[in-house]
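Here is how the chains run, residue by residue.
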Amino acid sequence: PVQKQVQVPMITKQQKLVDVPQVEIVDEIVDVPVQKQVQVPMVTKVQKMVDVPQVEIIEKVVEVPVQRQVQVPMITKVQKTVEVPQVEIVEQDVHIPVQKHRH
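Residues numbered from 1 in each chain as written. Predicted model: local features only at pLDDT ≥ 70, side-chain atom pairs only at ≥ 80, totals over all residues. Heavy atoms only, no water.

**Here we look at the overall build of the protein chain**
And then number 1: Counting its secondary structure elements, the protein chain contains zero helices and zero strands.
And then number 2: Radius of gyration (C-alpha) of the protein chain: 73 Å, far over the 13 Å computed for a compact globule of 103 residues.
And then number 3: Along the first, second and third principal axes, the C-alpha atoms of the protein chain reach 230 × 80 × 45 Å.
And then number 4: For the protein chain, the proportion of its 103 residues judged to be buried stands at 0%.
And then number 5: Surface exposure of the protein chain reaches about 14,900 Å², of which carbon and sulfur atoms provide 54%.
And then number 6: Here the protein chain contributes 12 positive and 13 negative side-chain charges, whose respective centroids are spaced 7 Å apart. (Helix = DSSP H or I, 4+ residues; strand = E, 2+ residues; numbered from the N terminus. Rg over C-alpha atoms; globule rule 2.2 N^0.38 Å. Buried < 20%, exposed > 50% of the residue type's maximum accessible area, 1.4 Å probe, protein only. Areas by Shrake-Rupley, 256 points an atom, 1.4 Å probe, with all protein chains shown as cover. Lys, Arg positive; Asp, Glu negative; His and termini not counted. Charge placed at Lys NZ, Arg CZ, Asp CG, Glu CD.)

In structure tokens form, the structure reads like this:
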């Protein structure tokens, strides 16, 4: 048998820096005006004549009786029996001799 030598390439791994583009998503809020139709009521002004009653003030003096409450003292009569001393007049004639003066 014949042996043959073959050159086999050798695989080597090498690190290499590669720039990978970054994707950035930026949301932006945009106001979109909305148009809608609205029914607007129409206001009309109508002038109207109105009768305004006139007020007449007539003053009249009226006497109003005033009622008052008054405290009335209550009087009670009590009968009481009392003894009244009786005075007895006794008259006596007393004879007083009169002396005559001499001058």
